[in-house]
Amino acid sequence: MSLISTVIYAAIVVVALVGAYRLSQTGKRDKVLPPGPPTRPVVGNLFDIPPRYAHLKFTEWSKQYGPVISCKLFGSTMVVLNDAGSVMELMDKRSGSSSDRAPSYINSEFISANNHPLLVGASRSVLMRKIYNTALAQRRVPDYLPLQNAESVVTMRNILHDPENFYEELRRISCSLALTIAFGKRAPTFSGKDAIGFSVEHFYHVAHAFNFFLEVGAAPPLDMFPILKYVPAAFAEWKGQAIKLRQQMQQLYHTMLLGEVKERLQKSQSYGCWMESVIQRNEASDDMMKAWVGGGMMEAGSDTTSSVLLTFVLAAVLHPEKVSKAQAELDAVVGSDRSPKFEDLESLPYCRAFVLEVMRWRPILPAGVPHMTSKDEMYNGMLIPAGTVLVQNTWAVLHDPAMHDDPELFMPERFLEHKYGLKKGLPEDPATFRNTFGYGAGRRICLGLYFAENTIKVMVAKMLWAFNFGLKIDTKTGKPIPVRDDDFHPGHITAPEPFKCSITPRGDAYTRTIEEELKEVTPMLAQYERGISA
Ligand code: HEM
């Protein structure tokens, strides 16, 4: 063997050994990282994280390894924060370095061209958040109270007439409110199409398809193995699905919704809605961004609010004794001649506590929306490297037995005894806890928080005032149909799986008031019914 071939041979051996060593280290947890479940070579903890209810697994691990745990997914690191202290320190206080999002190849290259407000990186999110704040800032949201009140009256009336349809109705109102603010028109029914062909049903169909597509397993792990991007379309089913979804979303957000507003402005007409000002102020970089700003408001606002309202119905069905307490309060403060309004909430502490407990008991984004760190951070002697996916385990924070008595129990009373629903004696200091963990953290905290809170408070107060809730009786067996308190559908936004229940008016006086109030709000809502075909 010549000297040259010996050198080449030796080099090949070295490269192979280095490669083998690197591969054997892939998926391994470095000692400086937060602790976590044992890793496997190469894949790390990939197969330990269940695709369904991952937040429960993280909570279980946190009992074994401590409140801050890490998981390895091939070469990437994920850190899960399971208590209030670590979320407030790392995500709230140090939000300058924890407000990025992990890149998603499918979203940026195929679907939204990096325009989805929830998924954009930290720097682009600054512009998007500025645009959203022109509609959703705390000082703006009182403007929407008359609309929220009127739509809630419609919902009470629709449930009164068709109680079995409560699931669709709660989805309708949540979507209709976002639609009205953004595009200046309402959606009076779930399935009906308006003049441009928009329907709530179709909107949820497309939004759910997008959510499911981004879930682990729906497409190959392209962000971890970029080489998979180059697999020809004939062998990669996901490419065809992604292209179809992009077409559907562009048709809905760009052609239909944005197109309608632009056409109106070209004719010098105006509904005075937020998207008109987004177009006129021209802050968004291009039309695609404008379309996603509008569509994103609908997406971020509809499924979330409706999931909380559906969770409320579930809690009300399972806890009639708590409903009775709220009704006693409502009868004393409001009576039956009118339904409660937002202004009454000041005098309705039990109803407010009911809302807070619904959101604590079953948070609808139990594992939040993951952030990504942009620089190394140390926390209690552990390293959280730049590029770590940071998960706020909202479920664990709100079910922490060190903070909450009997966290699994539905007990609005805990919020009467303590501002944050914590154990007696724990401080009521805003530096140690807050009631908004369900809305995320730091610089990426939900932009619709104030608006959503008002919708939920008004709706919950009105529903508690109007209806009794209970189990449905099976007409064949004469027995109540059981309802589970833990049957929530998978996905990062979760809601109770459809369930049967009985929702009945509390009496004739309440029914009469609902019908009367419907007449009062109808003219106000009519202004948002332009362009709605029969
Ligand atoms: C109860 C209802 C709602 C809940 C529980 C909720 C929860 C959340 C959560 C957990 C996030 C991610 C925060 C983070 O990354 O830390 C988020 C983001 C967001 N939410 Fe909400 N949300 C609700 C309603 C709404 C509504 C009604 C709107 C608009 C009308 C809205 C608009 C947004 C937007 C635009 C973002 C993206 C913020 C960003 O990534 O910078 N949300 N929401």
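Residues numbered from 1 in each chain as written. Predicted model: local features only at pLDDT ≥ 70, side-chain atom pairs only at ≥ 80, totals over all residues. Heavy atoms only, no water.

Here we take up the sheet that holds strand 3 (residues 371-372). Read across the open sheet, the four strands follow the order 1-2-6-3; overall the sheet is mixed. With one partner strand each, in any of the chains shown, strand 1 (68-73) and strand 3 form the two edges of the open sheet. This element, helix 2 (residues 54-65), spans strand 1, strand 2 (76-81) and strand 6 (389-392) of the sheet and lies at about 120 degrees to strand 1. (Pairing = 2+ DSSP bridges. Helix = DSSP H or I, 4+ residues; strand = E, 2+ residues; numbered from the N terminus. Contact = heavy atoms within 4.5 Å. Axes fitted to C-alpha atoms, helices over the stretch in contact; angles between N-to-C directions.)

Around the ligand, the surrounding shell holds 26 residues, and the nearest of these are Arg-101, Arg-129, His-371, Arg-444 and Cys-446. Interatomic distance of 2.8 Å between a side-chain N/O atom of Arg-101 and an oxygen atom of the ligand. Contact distances for the ligand include 3.4 Å between an oxygen atom and a backbone N or O atom of Pro-117. Those elements that provide at least two residues to the shell around the ligand are helix 5 (122-136), helix 11 (287-318) and helix 16 (449-466). It is helix 11 that contributes the most residues to the shell around the ligand, six residues altogether. Grouping the amino acids of the shell around the ligand by side-chain chemistry returns 16 nonpolar, seven polar and three charged. (Near = heavy atom within 4 Å. Polar contact = N/O pair within 3.5 Å; in protein donor to acceptor, adjacent residues only side chain to side chain. Nonpolar A, V, L, I, M, F, W, Y, C, P; charged D, E, K, R; others polar.)

Right, let's get into helix 5. Of the residues making up helix 5, those classed as buried are Ser-125, Met-128, Arg-129, Ile-131, Tyr-132, Ala-135 and Leu-136. At its buried positions, helix 5 is contacted by helix 10 (274-281), helix 11 and helix 16. (Buried < 20%, exposed > 50% of the residue type's maximum accessible area, 1.4 Å probe, protein only.)

So, about the coordination of the iron atom of the ligand. The sole protein-derived ligand of the iron atom of the ligand is Cys-446 (SG), positioned 2.3 Å away. Residue placement: Cys-446 occurs in the loop between helix 15 (414-417) and helix 16. (Donors = N, O, S within 2.8 Å, 3.2 Å for Na, K, Ca; no water.)

A few words now on the nonpolar core. Of all hydrophobic cores here, the largest spans 114 residues; its most connected members are Phe-166, Trp-274, Phe-312, Val-313 and Phe-469. With 15 residues, helix 11 is the single largest residue contributor to this core. Once residues within four sequence positions are removed from consideration, Trp-274 is found in contact with Ile-131, Tyr-132, Thr-134, Ala-135, Ile-181, Ala-182, Arg-281, Val-293 and Met-297. One finds Val-79, Leu-81, Val-87 and Tyr-379 within the second-largest nonpolar core, a separate group that totals 20 residues. (Core = buried A, V, L, I, M, F, W, Y, C linked by side-chain atoms within 4.5 Å.)

Topologically, Ser-324 is positioned in helix 12 (residues 320-333). Spatially, the C-alpha atom of Ser-324 lies 8.6 Å from that of Leu-464, the residues being 140 residues apart in sequence.

The grouping of Met-224, Phe-225, Ile-227 and Tyr-230 at the surface amounts to a nonpolar patch, some 450 Å² of accessible area in total. Examined against the element boundaries, Phe-225 turns out to sit in the loop between helix 8 (200-213) and helix 9 (237-266). (Patch = residues over 30% accessible without salt bridge, like charges linked within 9 Å, V, L, I, M, F, W, Y side chains within 5 Å. Areas by Shrake-Rupley, 256 points an atom, 1.4 Å probe, with all protein chains shown as cover. Salt bridge = Lys/Arg side-chain N within 4 Å of Asp/Glu carboxyl O.)

To continue, consider the side chain of Ser-125. Summarising the element assignment, Ser-125 is placed in helix 5. Given a relative accessible area of 5%, Ser-125 falls into the buried group. In terms of polar contacts, Ser-125 uses its side chain to reach the backbone carbonyl oxygen of Ala-122, at 2.8 Å. Not counting the four nearest positions on each side in its chain, Ser-125 is found in contact with Val-120 and Arg-444.

It is worth stressing that arrangement in space is one thing and function is another; only the former is reported here.
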